[in-house]
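Here's the letter readout for the chains.
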Amino acid sequence: MGDRTGPAQPSTGPAAYAQVRGDAEPETRRALDRDPAGPEDWHLRFALRVAVPEAVLFTEQSADGPAALVHDGDRSWAEIRPGTDGRPLLLQGGPRRLGDELLAAWSQWEDLGRPDLYDYGVTVTPDSQWAWQGDPDTGPRWPIGRLHPATR
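Note that the structure is a prediction, hence the values are computed from the model and not measured. (Residues numbered from 1 in each chain as written. Predicted model: local features only at pLDDT ≥ 70, side-chain atom pairs only at ≥ 80, totals over all residues. Heavy atoms only, no water.)

Asker: For this particular structure, what's the right way to read the sheet that holds strand S2 (residues 56-62)?
Answerer: Backbone-to-backbone hydrogen bonds join strands into a sheet, with any given pair of strands oriented parallel or antiparallel. Taken in spatial order, the 5 strands line up as S1-S5-S4-S3-S2 in an open sheet, and their pairing is antiparallel. The open sheet has two edge strands, strand S1 (28-31) and S2, and neither has a second partner. Each adjacent strand pair in this sheet contributes to an overall mean axis angle of 15°, direction not counted. Looking at chain direction, S2 and strand S3 (residues 65-71) are connected through 7 bridges and run antiparallel. By the bridge assignment for S3, Glu-60 is matched with Ala-67. Against the sheet, helix H1 (residues 14-21) touches S2, S3 and strand S4 (77-82), its axis set at about 115° to S4. (Pairing = 2+ DSSP bridges. Helix = DSSP H or I, 4+ residues; strand = E, 2+ residues; numbered from the N terminus. Axes fitted to C-alpha atoms, helices over the stretch in contact; angles between N-to-C directions. Contact = heavy atoms within 4.5 Å.)

Asker: Which parts of the structure should I look at to understand the packing of aromatic side chains?
Answerer: Two descriptors summarise a pair of aromatic rings, namely the distance from one centre to the other and the angle between the planes of the rings. Scanning all chains against the criterion turns up 4 aromatic pairs. Ring plane angle 90° and centroid distance 6.4 Å describe the contact between Tyr-17 and Trp-77, whose orientation is recorded as edge-to-face. Of this pair, Tyr-17 sits in helix H1 while Trp-77 sits in strand S4, and the two are 60 residues apart along the sequence. For the pair Tyr-120 and Trp-142, a centre-to-centre distance of 5.9 Å together with 40° between the ring planes defines the contact as tilted. Of this pair, Tyr-120 sits in strand S6 (residues 120-124) while Trp-142 sits in strand S8 (residues 141-143); the two residues are 22 residues apart in sequence, bridging distant segments of the chain. (Phe/Tyr/Trp six-rings, centres within 6.5 Å; stacked < 30°, edge-to-face > 60°.)

Asker: Quick question: what am I supposed to make of the pairing of S3 here?
Answerer: Strand residues, when the strand is regular, have side chains that alternate between the two faces of the sheet. Where burial is concerned, most of S3 is hidden: 6 out of the 7 residues are buried. Linkage of S2 to S3, two consecutive antiparallel strands, is achieved through a turn of 2 residues. In textbook terms, the turn of a hairpin is the stretch between consecutive antiparallel strands, and for S3 and S4 this stretch comprises 5 residues, one of which, Gly-73, has a positive phi near 80°. (Buried < 20%, exposed > 50% of the residue type's maximum accessible area, 1.4 Å probe, protein only.)

Asker: Help me understand the pattern of salt bridges in this model?
Answerer: Should their charged atoms come close, side chains of opposite charge can pair. Tallied over the full model, the rule gives 10 salt bridges. Between Glu-27 and Arg-97 there is a salt bridge, with the nearest N and O atoms lying 2.8 Å from each other. Note that Glu-27 is positioned in the loop between H1 and S1 and Arg-97 in the loop between strand S5 (88-93) and helix H3 (98-111), a separation of 70 residues in sequence. For the salt bridge of Asp-74 with Arg-75, the shortest nitrogen-to-oxygen distance reads 3.9 Å. If you follow the salt bridges from partner to partner, you end up with Arg-21, Glu-60, Glu-79 and Arg-81 in one network. (Salt bridge = Lys/Arg side-chain N within 4 Å of Asp/Glu carboxyl O.)

As structure tokens, this is what we get:
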């Protein structure tokens, strides 16, 4: 889901993830108490996309179970996948800690009561645009890029 401020990404699936990650080893690795299948929930996925708009997220089924993979289209990537001991793992690399950003947004979504994607809205003014949840005036807000000069 692109916004109106920039070009669409040419590839968002596994091939783009593989290109961003390359053959890099994870720079951080830690156990989690999150279900790697969580991002298969479309309401959560939408909330993650709103909170971390540069993230490209997809899920896959591996031999060990479901995994969530995310990248920023540049150099940062993360995976949430089953570990060998049965506990989910967060693996991440690149200059951004994209997995940490995603987990913070996931926690925020839970703290907000797991809102449906229909509980979100967008406000656009001549000078800015933002997404909001719950209430356009008092609910949490997330900026939506810069307005492109052609849209002003």
